[in-house]
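Here's the letter readout for the chains.
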Amino acid sequence: LGMIRQLRTDFAENRLELWYQPQLNLNSGKVIGAEALLRWRTADGQFISPAVFIPLAEYSGLIIEIGDWVIKQACKQIKSLEKQSFNDVSISVNVSIPQFKRENFVSSIIDAIKHYQVNPSKLELEITENILMDEPQIVIDALNQVKAEGISIALDDFGTGYSSLSYLQKLPLDRLKVDRSFVIDIAKPGQSIIADTIINLGKQMDLKVIAEGIEDKDQEAHLKSQACDEVQGFFYAKPMPADEFLAFLKNNS
Ligand code: G
Ligand code: G
Ligand code: MN
Ligand code: NA
């Protein structure tokens, strides 16, 4: 509970930062976007991992305010990229279950897009299949509204959650993210079956496929052999502050 109180105070004092991990087109090597990832820098300069504080934010309800801030921050970032003529760079934000349960979730996103006057297709929401665990219809309705606004939707951590394949056809998706756990051993004999199958499934469904967690060139070579569209991983770049992302973009576009 002490930590929740500290999170609330630090959020109010602007100690949360949004960092960006580049996403590249595998063929061209050019940056096509970034995943926005929260970082919490406490007053004494320590970083606390989102893997630790996101569950606390969800449990305490703080995720609503933090999630609003993340979406506004991402729109602001898209605007600033557009101003520097990077019009084709998209920003993906992770969205938690409690955010969807809120009445005005969709209108809050639309407000942010209008406020910053950004192209909605440059904003992508990353959802996980776990958001369908309860009240799937509420979530599917919200996603359909989001999609109708031209905002993109990606399914994150695909294949690691609790839902069934039948939902894949009910969700208005643009992109499938191949989870890092399926990528880690793909260069080893016989260890790439799940990743290969997910890539193929995504292509058959006319979705863009992005693989996550690439750490070496053998993994990259395997993904090229499967014609995977896009990649994200430490091999290319780690998550970085906005100014460093801009510099990375200038060098890789
Ligand atoms: O960046 P890192 O690998 O430490 O992130 C750990 C986890 O925190 C990941 O599962 C990621 O999706 C989640 N996360 C990071 N930023 C956000 C955010 O803005 N909102 C939500 N809901 N989750 C986030
Ligand atoms: O759950 P989600 O897919 O949103 O998590 C994204 C997290 O994965 C980010 O916090 C990011 O730091 C981490 N990540 C991204 N690329 C790599 C990688 O190549 N290796 C490892 N170990 N983690 C990665
Ligand atoms: Mn993600
Ligand atoms: Na993932």
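Residues numbered from 1 in each chain as written. Chains lettered and ligands numbered in written order. Predicted model: local features only at pLDDT ≥ 70, side-chain atom pairs only at ≥ 80, totals over all residues.

**Remarks on the overall build of the chain**
(1) Moving on: Across its full length, the chain holds 10 helices and nine strands.
(2) Moving on: Computed over its C-alpha atoms, the radius of gyration of the chain comes to 18 Å, within 12% of the 18 Å expected for a compact globule of 253 residues.
(3) Moving on: Principal-axis analysis of the C-alpha atoms gives the chain an extent of 50 × 40 × 35 Å.
(4) Moving on: Looking at the chain as a whole, 37% of its 253 residues are labelled buried.
(5) Moving on: Taking all contacts inside the chain whose residues are at least 6 apart in sequence as the whole, residues at least 24 apart take part in 65%. (Helix = DSSP H or I, 4+ residues; strand = E, 2+ residues; numbered from the N terminus. Rg over C-alpha atoms; globule rule 2.2 N^0.38 Å. Buried ≥ 20, exposed ≤ 12 C-beta atoms within 10 Å, placed from the backbone. Contact = placed C-beta atoms within 7 Å.)

**Some thoughts on the confidence of the model for the chain**
(1) Moving on: Looking at the chain, pLDDT values average 95 and 100% of them are 70 or higher.
(2) Moving on: Scored as a complex, the prediction yields pTM 0.97 and ipTM 0.97. (pLDDT = per-residue confidence, 0-100.)

**Topic: the nonpolar core**
In globular proteins that are soluble, nonpolar side chains generally tend to be buried together.
(1) Moving on: A74, V178 and A211 are the most contacted members of the largest nonpolar core, which totals 63 residues.
(2) Moving on: Ranked by the residues each element gives to this core, the list is headed by helix α3 (residues 63-83), at eight residues.
(3) Moving on: Setting aside residues no more than four positions away along its own chain, A211 makes contact with V178, V183, A195, L223, C228 and V231. (Core = buried A, V, L, I, M, F, W, Y, C linked by C-beta atoms within 7 Å.)

**Remarks on the pairing of strand β4 (residues 90-94)**
(1) Moving on: A large share of β4 lies buried, amounting to five of its five residues.
(2) Moving on: Residue alternation in β4 divides its side chains into two sets, S90, S92 and N94 and I91 and V93, and both sets are buried.
(3) Moving on: In this sheet, β4 lies alongside strand β2 (residues 31-41) in parallel orientation, the contact comprising four bridges. Residue pairing in the sheet places G33 in a bridge with S90 of β4.
(4) Moving on: One ladder, built from four bridges, connects β4 with strand β5 (residues 123-128); its direction is parallel. Within β5, the position partnered with S92 by the bridge is E124. (Pairing = 2+ DSSP bridges.)

**A closer look at the pairing of β2**
(1) Moving on: Judged by how many residues are buried, β2 sits mostly within the fold: eight of 11 residues are covered.
(2) Moving on: The pairing of strand β1 (residues 16-25) with β2 spans nine bridges and is classified as antiparallel. What sits directly across from E17, in β2, is R39.
(3) Moving on: Counted along the chain from β1 to the antiparallel partner β2, the turn is five residues long, and its residue G29 has a positive phi close to 75 degrees.

**A few points about the environment of G33**
(1) Moving on: With respect to the element layout, G33 can be found in strand β2.
(2) Moving on: Using a count of 27 C-beta atoms within 10 Å as the deciding quantity, one classes G33 as buried.
(3) Moving on: When the C-alpha positions of G33 and I91 are compared, they lie 5.6 Å apart, and in sequence the two are 58 residues distant.
(4) Moving on: The residues touching G33, leaving out its near neighbours within four places in the chain, are Q23, V89, S90, I91 and S92.

**Digging into the site of ligand 2**
(1) Moving on: As a structural note, the neighbourhood of ligand 2 is formed by 14 residues, with L37, G213, E215, G233 and F234 the closest of them.
(2) Moving on: In terms of residue class, the shell around ligand 2 is made up of four nonpolar, five polar and five charged. (Near = placed C-beta within 6 Å. Nonpolar A, V, L, I, M, F, W, Y, C, P; charged D, E, K, R; others polar.)

**Let's talk about the site of ligand 1**
(1) Moving on: Taken together, the neighbourhood of ligand 1 is formed by L37, L38, S49, P50, A51, I54, V70, V93, N94, V95, S96 and P239.
(2) Moving on: Of all elements in the fold, only β2, α2 (50-60) and β4 reach the threshold of two or more residues within the shell around ligand 1.
(3) Moving on: Broken down by element, the shell around ligand 1 gets its largest block of residues, three residues, from α2.
(4) Moving on: Per-class residue counts for the shell around ligand 1 are nine nonpolar, three polar and no charged.

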